[in-house]
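Working through the structure, step by step
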Amino acid sequence: MAKVKVAVLASGRGSNFKAIQEHIKAGRCDAEIKVLITNNPDAPAISIAKDNKIPVEIIDKSGFPDREKMDERIKELLDRYGAELVVLAGYMLILKGRKLLESYKNRIINIHPALLPAFPGATAQKDAFEYGVKVSGVTIHFVDESLDAGPIIYQEAVDISDCKSAEETAAKILKTEHKAYAKVVDSFSKGHYAVEGRRARFVPSS
Ligand code: GRF
């Protein structure tokens, strides 16, 4: 089965990016990461890309008149690297470009460290811990113009009842993120997701 050509967008640490690349190297994820695109020239994710000989493209927000134009540049890069799947891995800007979102509809995925629609936003693990929920988890979803609300591809629960801090909660959920994201990326080499309304259903390749 053909490897899925992936572009990763990341702004920071890049541990999900690294985990996916490690699963690829170990033969557990049928994908090839063609490029890392980042908006942060200091992102630790850049050295992960360099260690793995993955090209890096840095796009600086201040170099564009607006986000539509910045996202058009991202679209150009995705086209140029032949991306079939766009993986957001800690990309801290909301994708707003209409052209980008339309051209890559149902081909951009994001990982969120909670069971959506519970705890959307940037502090999901802390919010879940402080709310006192016993179970939180991981959601992988398609990206559309909404915030953390595109059709859900995959969810996995994580028992956080034994966690004693928000940091411990985040660390526990992150372990599940790493495996889940690689598994979902791999699934794109074996089929596609049919999206009907809010529901995404896996359709294996024949
Ligand atoms: C992860 O917790 C992910 O769920 C969220 O941002 C964080 C990125 O971490 N969207 P990393 O850069 O992959 O280490």
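Quick note: structure is the one above.
Position numbers for residues count from 1 along each chain, tracking the sequence in the order it is written. The predicted origin of the model limits local features to residues at a pLDDT of at least 70 and limits the giving and counting of side-chain atom pairs to 80 or more, whereas totals for whole chains, interfaces and linings rest on all residues. Only hydrogens and water are set aside; all other atoms, that is, all heavy atoms of the structure, feed into the side-chain values.

Concerning the site of the ligand
To keep it simple, the criterion reads: Nearness here has a simple test: a residue counts as near a molecule or strand if at least one of its heavy atoms is within 4 Å of that partner. Two N or O atoms form a polar contact when they lie within 3.5 Å of each other; inside protein one atom must be a possible hydrogen donor and the other a possible acceptor, and for residues adjacent in sequence the pair counts only when both atoms belong to side chains. To measure how exposed things are, a 1.4 Å probe is used in the Shrake-Rupley method; for residues, cover is taken only from the protein chains shown. Think of it as three bins: nonpolar holds Ala, Val, Leu, Ile, Met, Phe, Trp, Tyr, Cys and Pro, charged holds Asp, Glu, Lys and Arg, and polar takes everything else, Gly as well.
If you check the shell around the ligand, you find Arg13, Gly14, Ser15, Asn16, Gly90, Ile111, Pro113, Gln125 and Glu177 and nothing else. Between the ligand and the protein, one listed contact pairs an oxygen atom with a backbone N or O atom of Asn16 at 2.9 Å. Contact distances for the ligand include 3.0 Å between a nitrogen atom and a backbone N or O atom of Ile111. Alone, the ligand offers 370 Å² of accessible surface; in the complex the protein occludes 86% of this. Taken together, the residues of the shell around the ligand sort by class into 2 nonpolar, 5 polar and 2 charged.

Remarks on the environment of Gly90
Applied cut-off: Counting from the N terminus, the helices are DSSP H or I runs at least four residues long and the strands are E runs at least two residues long. The contact rule is simple, with two residues in contact once any of their heavy atoms fall within 4.5 Å.
Here Gly90 shows up in the loop between strand S4 (85–88) and helix H4 (98–103). Considering only alpha carbons, one finds Gly90 and Val8, 82 residues apart in sequence, at a separation of 9.6 Å. In this structure Gly90 touches Ala10, Ser11 and Gly12, once residues within four positions along its chain are discounted.

Section: unusual backbone geometry
We apply this condition: The classification of residues rests on relative accessible area computed with a 1.4 Å probe and restricted to protein chains. Under 20% of the type maximum is buried, over 50% is exposed, and intermediate values are partly exposed.
Following Leu116, the chain continues into Pro117 via a peptide bond in cis, with omega recorded as 10°. Note on placement: Pro117 falls in the loop between strand S5 (108–112) and helix H5 (124–131). Backbone geometry places Lys53, a non-glycine residue, at a positive phi of 55°. For Lys53, a relative accessible area of 76% puts it in the exposed group. At Phe119, a position not held by glycine, the phi torsion is positive, near 55°. By the element assignment, Phe119 lies in the loop between S5 and H5.

Some thoughts on the nonpolar core
Nonpolar side chains tend to gather and get buried jointly when the protein is soluble and globular. Put simply, the test is: By convention a nonpolar core is built from buried Ala, Val, Leu, Ile, Met, Phe, Trp, Tyr and Cys residues, the set being connected through side-chain atoms within 4.5 Å.
Counting 41 residues, the largest nonpolar core has Ile109 and Val185 as its most contacted members. Among the elements that take part in this core, helix H6 (residues 166–187) stands out by supplying 5 residues, more than any other. Residues Ala7, Ile59, Met70 and Leu95 belong to the second largest nonpolar core, which totals 20 residues.

Structural notes on the pairing of strand S8 (residues 191–196)
Spelled out, the test is: What makes two strands pair is DSSP finding at least two bridges between them.
Sheet topology note: the S8/strand S9 (residues 199–204) ladder contains 6 bridges and is antiparallel. Along S9, the bridge assignment pairs Ala194 with Arg201. Between S8 and S9, which pair antiparallel one after the other, the connecting turn spans 2 residues, and Gly197 there sits at a positive phi close to 60°.

The quantities given are spatial measurements derived from coordinates; they are silent on function.
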